[in-house]
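Breakdown of the fold
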Amino acid sequence: MAVISVKDLYRVYKLGKVDVHALNGVTLDITEGEFVGIMGPSGSGKSTLLYQMSLLDRPTSGLVTIQGKNVGGLTDHQRTRFRLNHCGYVFQDYALVPELTTEENVYLLPMAQGKPDTESIDTAREILGKVGLSNRLSHLPRELSGGEQQRVAIARAMVNKPDIIFADEPCANLDSVNSKRILELFKELNQENGQTIVMISHEDEDIEYFDRVIRIFDGKNRER
Amino acid sequence: MLTDFKISFFLAVRMLRRSSKTGTLLTIFIIAMVFTNMIFLSSVIGGSIELMNEQTVDFYISNIIIKPKEDIRFIDNTSSLVSKVNRIPGVSHASARYELGASLNHKSNEIALPVIAFNPDDEKLVTKIHEMMKEGQFLTREDRGQVIIGNYVAGNVDESKDFFESLGGVKTGDSITVSFVNGVSKDYRIKGIFQTKSYQTDYKVFISWNEMEEVLGYPLDQSNELLVKTEAGTTEKEVKRTMLSYGIQEQVKTWKEQAGGLFDESIESFQIINNITLIVSLIIAIIVLFIIIMIKTLHNKREIGVLKAIGIDEDIIIQSYVIQTLIIGILGITIGFCIIQTLIAYFLAYPIEFPDGNVSLYVETGIMIESAVLLIIASIIAGYLPASRIAKEEILTAMRG
Ligand SMILES: Nc1ncnc2c1ncn2[C@@H]1O[C@H](COP(=O)(O)OP(=O)(O)OP(=O)(O)O)[C@@H](O)[C@H]1O
Ligand SMILES: [Mg+2]
């Protein structure tokens, strides 16, 4: 069953008087539990596609359906709520909140869902344990290495047990050892919990981790 | 709703604690200063008004004044009225005063001033002039041929230092000639000089009731006014009502009614100055907080984008900045409050010397609360506007920083 369904998706950025056609009619489905890689050259529209699917941006035209629901019809507040409850995010530059410690960055999300403090903290610690950061709980992001920060970001993306995790080149800033570790972590989570993962990558060696690869060129997908 | 507030508070506290402390402390300090500024001037003004009021009661009118019925010059049967008034509940004591026009001479100096007679024993229970003897002694009941005069009446040898026409710097023990309007002219020894710093009082001349009887040549049972001291814990209005209910036929006025117009104008101009300071202070507070939060939110633009991306509602984010400015505002106000308390204590020990007297700070709780509330509203506005501007931006635009 398709957890994400994208139909005739267009995204035009207005840059002064110039129109930048970042997406030119993408249509695709992502099945529940899939670990999907999105690949393609730089500037081809991978990030733009991911933002549309993950409710971080609105398409110029086209339809995004998640779990059978047309998310284009939601208000901004509803979309924010939807992201909190159904999506996890990992960005290339970690995007942690600099004033929050490792565990605060993670338990912020269950707390925002209204879960009790102790439950939120326990879940966060458990997941941070899984990503190997039990001894870094009260460090601030600036006191962590890049690899550690990205593992915090992954823990944060996981903590609410989201249906889908979106990752935009999560390993781009990491060395090969750390990259491998992160990818293996994703694979593990995908297999253990059956979560859908959509990840952008431009490293060919990542392909072995993916169940399927969607290739994007000039704002169109070449898959299928 | 409660969860939202909890998250806002959670974020606000951590952002305050873990971002630039110098900036936050400086902001708190500025708010403290603004609050102090808002209160300080008004409390100096309050202190001056309070001083004028105190002086009026202590040296000039006492609490209540009884005057002759309309169109009549004197209160007749004064001694029986004094005893009657003294028996009225709420009245501490009454003192009758009788005025006779005169001109005073010392060497080449001559001034025209009424000479006022009172019974020193009564007067001591009603006004505090006797506590303000600059030199010499206060009058006693038996004093004949002696006079006490106010500081401005005595004046200075150097006349340019005088506020009013004076006797040119007379001292205790000097002799002055008093020519009364009834034709009697007599030399008096100056028994003392008082300085109350209330200019109306310090330009007065007093003799004893007995001396006045001698000048007039008959027993005096008339007066121009009765000053009435009320008991502590009563209000003048209450006592006035009681007096009227006891059938006092003469005009009865509280000191406020009597002084009324005297200070109204200066109080009004004080209040205008005060309101301008208040508004300027508030504008400064709003602008300072606004700039600080503006810089902060611009600096945190990326972070705000991230928070929105991972599912924190923009309202929660805006609220967290408002809470930050509120905390800054409340801390500032608290520190400002402490500064003011310190100033009050200081000026109580070392009052500001004004020509009219020594002014301590007098802070009205109302003004304090009003200023605090206004500053808190300013904090909310100053936090809300910049934060909502950034928080309402597109997520991706914000995340790009
Ligand atoms: N905010 C924007 N305004 C204008 N043009 C944009 C904006 N964001 C992206 N673009 C343009 O849209 C196109 C697609 O960008 P996108 O970021 O999706 O590419 P990408 O495939 O993710 O590239 P990369 O691998 O370098 O991250 C590019 O030509 C880019 O310049
Ligand atoms: Mg990209």
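Residues numbered from 1 in each chain as written. Chains lettered and ligands numbered in written order. Predicted model: local features only at pLDDT ≥ 70, side-chain atom pairs only at ≥ 80, totals over all residues. Heavy atoms only, no water.

A short note on the overall build of chain A
On a plain count of helices and strands, chain A comes out with six helices and 10 strands. For chain A, whose C-alpha radius of gyration is 17 Å, the value lies close to the compact-globule estimate of 17 Å for 224 residues. Principal-axis analysis of the C-alpha atoms gives chain A an extent of 50 × 40 × 40 Å. Expressed as a percentage of its 224 residues, the buried residues of chain A come to 55%. Pairs at least 24 apart in sequence give 71% of the contacts found in chain A among residues at least 6 apart. Split by element, the accessible area of chain A, about 9,600 Å² in all, is 48% carbon and sulfur. Within chain A, the 32 negative side-chain charges are centred at a point lying 6 Å from the centre of the 26 positive side-chain charges. (Helix = DSSP H or I, 4+ residues; strand = E, 2+ residues; numbered from the N terminus. Rg over C-alpha atoms; globule rule 2.2 N^0.38 Å. Buried < 20%, exposed > 50% of the residue type's maximum accessible area, 1.4 Å probe, protein only. Contact = heavy atoms within 4.5 Å. Areas by Shrake-Rupley, 256 points an atom, 1.4 Å probe, with all protein chains shown as cover. Lys, Arg positive; Asp, Glu negative; His and termini not counted. Charge placed at Lys NZ, Arg CZ, Asp CG, Glu CD.)

Considerations on the site of ligand 1
Neighbouring ligand 1 are 14 residues; S42(A), G43(A), K46(A), S47(A) and T48(A) lie closest to it. Per-site note: the chains with residues close to ligand 1 are chains A and B. Measuring from an oxygen atom of ligand 1, one finds a side-chain N or O atom of T48(A) at 2.5 Å. Contact distances for ligand 1 include 3.2 Å between a nitrogen atom and a side-chain N or O atom of R400(B). For ligand 1, the protein covers 68% of the area, taking 630 Å² as the surface of the free molecule. Those elements that provide at least two residues to the shell around ligand 1 are β1 (2–15), β2 (18–31) and α1 (46–53) of chain A. (Near = heavy atom within 4 Å. Polar contact = N/O pair within 3.5 Å; in protein donor to acceptor, adjacent residues only side chain to side chain.)

Details of the packing of aromatic side chains
Residues and elements named next belong to chain B. One pass over the structure, following the stated rule, counts 18 aromatic pairs over all chains. Ring plane angle 20° and centroid distance 5.8 Å describe the contact between F118 and F138, whose orientation is recorded as stacked. On the criterion of sequence distance, the pair formed by F118 in strand β5 (residues 115–118) and F138 in the loop between β6 (133–136) and β7 (146–150) is long-range, its members being 20 residues apart. Their ring planes at 90° and their centres at 5.4 Å tell us that Y152 and F163 sit as a pair that is edge-to-face. One end of the pair, Y152, is in helix α5 (residues 151–154); the other, F163, is in the loop between α5 and β8 (175–180), with 11 residues separating them in the sequence. A relative accessible area of 15% places Y152 in the buried class. You can call F163 exposed: its relative accessible area is 59%. One aromatic cluster in this structure is built from F40, Y346, F347 and Y350. (Phe/Tyr/Trp six-rings, centres within 6.5 Å; stacked < 30°, edge-to-face > 60°.)

Looking at a negative patch on the surface
A contiguous patch of negative charge, built from E203(A), D204(A), E205(A) and E208(A), is present on the exposed surface. Note that E208(A) resides in the loop between β8 (196–200) and β9 (212–217). (Patch = residues over 30% accessible without salt bridge, like charges linked within 9 Å, V, L, I, M, F, W, Y side chains within 5 Å. Salt bridge = Lys/Arg side-chain N within 4 Å of Asp/Glu carboxyl O.)

Here's the deal with the UniProt feature "domain: ABC3 transporter permease C-terminal" (unreviewed entry) in chain B
Under the UniProt annotation, the feature "domain: ABC3 transporter permease C-terminal" (unreviewed entry) is placed at residues 276–394 of chain B. Within residues 276–394 of chain B, the helical portion is 81% and the strand portion 5%, while the C-alpha atoms at the span's ends are 41 Å from each other. (UniProt positions renumbered as here; feature names shortened; annotations may be inferred.)

A short note on the confidence of the model for chain B
Per-residue pLDDT for chain B has a mean of 90; in total, 99% of the residues score no lower than 70. Interface confidence in the predicted complex, given as ipTM, is 0.95; pTM for the same model is 0.78. (pLDDT = per-residue confidence, 0-100.)

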